[in-house]
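# Architecture and fold: a report
Take a look at the letters that make up each chain.
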Amino acid sequence: MSKLHQKVALIGDGAVGSSFAFAMTQQGLAEEMPIIDIVKKQTTGDALDLEDATVFTAPKKIYSGDYSDCKDADVAVITAGVPQKPGETRLQLVNKNFKIMKSIIKPLMNSGFDGIILVIANPVDILTAAAQKFSGLPKNRVFGSGTSLDTSRLRVALGKKLEVDPRDVNAYILAEHGDSEFAAFNEATIAGKPLLELTKEEGITQDDLAELEDQTIHKAYDIINNKGATYYGVATCGMRIVRAILRDENAVLPISAPLNGEYGEKDIYIGTPAVVNASGVKRAIEIPLTDEEAAKFHKSAATLRQIWDDAVAEDAKN
């Protein structure tokens, strides 16, 4: 992936997709970026708008593309899907977006694409598994944004609470990117010091942390209720993941990764820290969990498995 010309194909040019394209342009990542969507006027307009920004960032060939343009792409980023509505859970989106994912993967693979697929559409854990199933690519080369956004929200909240830079907060949200996720407070640290020791010193109680966790998990609903959708945060998470791929960083990021025995689970995509580089997911990293946290993780995995089984059964009927 260290070649001089890198190409990232964006599939889906809604609010998340266009925000991702803007983030990629601002960071000067990839020299070529076709934007693909059924609404060609949107992709044409965005490409024309984004190319004006390259004068101030870095040269980039940005254009309204088609699936045929994905043949030699290093990464295909899929943001296409029906957006989450106020009062709707991410898992309620599954049947609608399962069909959309299937309609995307077929022409993508027919183009000759042989790169890495990053899914940024909800429910991300289920749709990532669907993308891998339909594409037939190795599991390490198909993964999702997972709990990257949730983890960033947790770090922001803890940073505000403790008055420290959120970049210096080492804490993760684990499991489903959805209502069954949880904060791994027992393993969190700041400057190597256990978070729970620091919060105790600051007079922050377990109830305070529970409230903060709940606010973090449901922050998406607050954003959706106020502005209709979330896109800046998750698009930036997507850019960060792609940067790790293109620059072969071996970055540890909380993504929707395939498990192979970690946490006692296998054959499932779920939110966990993982090492991301030019090959995709190098490996998932299992965080040591308390018995209570492990129970939450397994319960979340069971929820995802049930939804997956139902989605596959529904798809088989069509």
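Now for a look at the structure at hand. Going along each chain's sequence as written, the residues are numbered from 1 onward. Reporting of local features is limited, given that this is a predicted model, to residues whose pLDDT is at least 70; pairs of side-chain atoms are given and counted only at 80 or more, and all residues count toward the totals for whole chains, interfaces and linings. As a convention, hydrogens and water are excluded, and side-chain values are obtained from all of the structure's heavy atoms.

### Structural notes on the sheet that holds strand 11 (residues 193–194)
Strands pair in a sheet through their backbones, by hydrogen bonds, and they do so in one of two ways: parallel or antiparallel. With respect to topology, 3 strands assemble into an open sheet ordered 7-10-11, the strand pairing being antiparallel. Looking at strand neighbours, the two that pair on one side only are strand 7 (169–170) and strand 11, the edges of this open sheet. Alignment of strand 10 (residues 189–190) against strand 11, held across 2 bridges, turns out to be antiparallel. Looking across to strand 11, one finds that Ile190 is bridged to Lys193. By the convention used here, strands pair only if DSSP detects at least 2 bridges between them. Secondary structure elements are taken from DSSP: a helix is a run of H or I of four residues or more, a strand is a run of E of two residues or more, and numbering for both begins at the N terminus.

### Concerning the packing of aromatic side chains
How two aromatic rings sit relative to each other is set out by the distance from centre to centre and by the angle between their planes. Stacked, edge-to-face and tilted are the three classes for Phe, Tyr and Trp ring pairs, Trp counted by its six-membered ring, which pair at centre distances within 6.5 Å; planes under 30 degrees apart are stacked, over 60 edge-to-face, the rest tilted. Evaluated as defined, the whole model comprises 4 aromatic pairs. The interplanar angle of 75 degrees and the centroid separation of 5.5 Å between the aromatic rings of Phe98 and Phe134 together place this pair among those described as edge-to-face. With Phe98 in helix 3 (residues 94–110) and Phe134 in helix 4 (residues 124–135), the pair connects residues that are 36 residues apart, well separated along the chain. Relative accessibility thresholds used throughout: buried, under 20% of the residue-type maximum; exposed, over 50%; partly exposed, between the two (1.4 Å probe, protein chains only). A relative accessible area of 21% places Phe134 in the partly exposed class. With centroids separated by 4.8 Å and ring planes inclined at 70 degrees, the aromatic side chains of Tyr231 and Tyr232 adopt a geometry described as edge-to-face.

### Side note on the side chain of Gln6
With respect to the helices and strands, the residue Gln6 is situated in the segment before strand 1 (8–11). Whenever a nitrogen or oxygen atom comes within 3.5 Å of another N or O atom, the pair is scored as a polar contact, on the condition that within protein one atom can donate a hydrogen and the other can accept it, and that pairs from neighbouring residues in sequence are kept only if both atoms are in side chains. Of note is the side chain of Gln6, whose polar atom sits 2.9 Å from the backbone oxygen of Leu246.

### Examining helix 3
Over its 17 residues, helix 3 extends 24 Å from the first C-alpha to the last, a length consistent with the 24 Å expected when each residue adds 1.5 Å. Three or more residues of helix 3 are buried, namely Val94, Asn97, Phe98, Met101, Ile104, Ile105 and Leu108. One side of helix 3 holds all its buried residues, which, seen down the axis, span an arc of 130 degrees. Of the exposed residues in helix 3, the ones pointing more than 90 degrees away from its buried face are Lys106 and Asn110. The span expected for a helix works out to 1.5 Å for each residue beyond the first. By arc we mean the arc of the directions from the helix axis to the C-beta atoms, nothing more.

### Thoughts on the pattern of salt bridges
For salt bridges, the criterion is a side-chain nitrogen of Lys or Arg within 4 Å of an Asp or Glu carboxyl oxygen. Enumeration according to the criterion identifies 13 salt bridges in this entry. A salt bridge links Arg141 to Asp114; its shortest N-O distance comes to 2.7 Å. Pair noted here: Arg141 is in the loop between helix 4 and strand 6 (142–144) and Asp114 is in the loop between helix 3 and strand 5 (116–119), with a separation of 27 residues, a long-range link. On the basis of relative accessibility, which here comes to 54%, the residue Asp114 falls in the exposed class. Notably, a salt bridge pairs Lys193 with Glu201, separated by 2.6 Å at the nearest N-O pair. What makes Glu201 exposed here is its relative accessible area of 51%. Within the structure, one salt-bridge network assembled from shared partners comprises Lys7, Glu32 and Asp72.

### Some points on the nonpolar core
Put simply, buried Ala, Val, Leu, Ile, Met, Phe, Trp, Tyr and Cys residues joined by side-chain atoms within 4.5 Å make one nonpolar core. One finds Met101, Leu108, Phe113, Ile117, Val119, Leu174 and Phe297 to be the most contacted residues of the largest nonpolar core, which totals 43 residues. Only strand 1, strand 4 (75–78), helix 3, strand 5, helix 4, strand 13 (266–277) and helix 10 (291–317) provide two or more residues apiece to this core. Every residue in contact with Phe113, bar those within four places of it in the chain, is listed here: Cys70, Lys71, Ala73, Val75, Ala76, Leu108 and Leu137. Residues Val8, Cys237, Ile241 and Ile245 belong to the second largest nonpolar core, which totals 38 residues. Pairs of residues are marked as contacts when any of their non-hydrogen atoms sit within 4.5 Å.

### A few points about the environment of Gly261
Tracing the backbone shows Gly261 in the loop between strand 12 (251–260) and strand 13. Overall, the relative accessible area of 41% leaves Gly261 in the partly exposed class. The spatial distance from the C-alpha of Gly261 to the C-alpha of Ala284 is 9.8 Å, given a sequence separation of 23 residues.

### Quick notes on the packing of helix 5 (residues 148–162) against helix 7 (residues 206–217)
Pairs of packed helices are described in terms of their axes, by the angle between the two and the distance that separates them. Working convention: axes come from line fits to C-alpha atoms, limited for helices to the stretch in contact. Angles between N-to-C directions cover 0 to 180 degrees. Relative to each other, helix 5 and helix 7 sit at 140 degrees, their axes nearing to 9 Å. As judged from the angle between their axes, helix 5 and helix 7 are oblique. Handedness of the helix 5/helix 7 crossing: right-handed. In this structure, helix 5 contributes Asp150, Arg153, Leu154, Ala157, Leu158 and Lys161 to the contact, and helix 7 contributes Leu209, Leu212 and Thr216. By definition in this entry, angles of less than 35 degrees are roughly parallel, angles greater than 145 are roughly antiparallel, angles of 65 to 115 are roughly perpendicular, and the rest are oblique. The sense of a crossing depends on the near helix, which, turned anticlockwise from the far helix by less than a right angle, makes the crossing left-handed and, turned clockwise, makes it right-handed.

### Regarding unusual backbone geometry
Note the cis peptide between Asn122 and Pro123, where omega equals -5 degrees. Tracing the backbone shows Pro123 in the loop between strand 5 and helix 4. The phi dihedral of Ala30 is positive, around 70 degrees, even though this residue is not glycine. Its location among the elements puts Ala30 in the loop between helix 1 (15–27) and strand 2 (32–36).

### Here's the deal with the packing of helix 3 against helix 10
Look at helix 3 against helix 10: their axes get within 10 Å of each other, and the N-to-C directions meet at 60 degrees. On the basis of their axis angle, the class for helix 3 and helix 10 is oblique. Our pair here, helix 3 against helix 10, has a crossing hand that is right-handed. On the side of helix 3, the interface is formed by Val94, Asn95, Phe98 and Lys102, while helix 10 contributes Ile307, Trp308, Ala311, Val312, Glu314 and Asp315. Grouping the amino acids of the contact of helix 3 with helix 10 by side-chain chemistry returns 6 nonpolar, 1 polar and 3 charged. Residue classes follow a fixed rule: Ala, Val, Leu, Ile, Met, Phe, Trp, Tyr, Cys and Pro count as nonpolar, while Asp, Glu, Lys and Arg count as charged, and any other residue, Gly among them, counts as polar.

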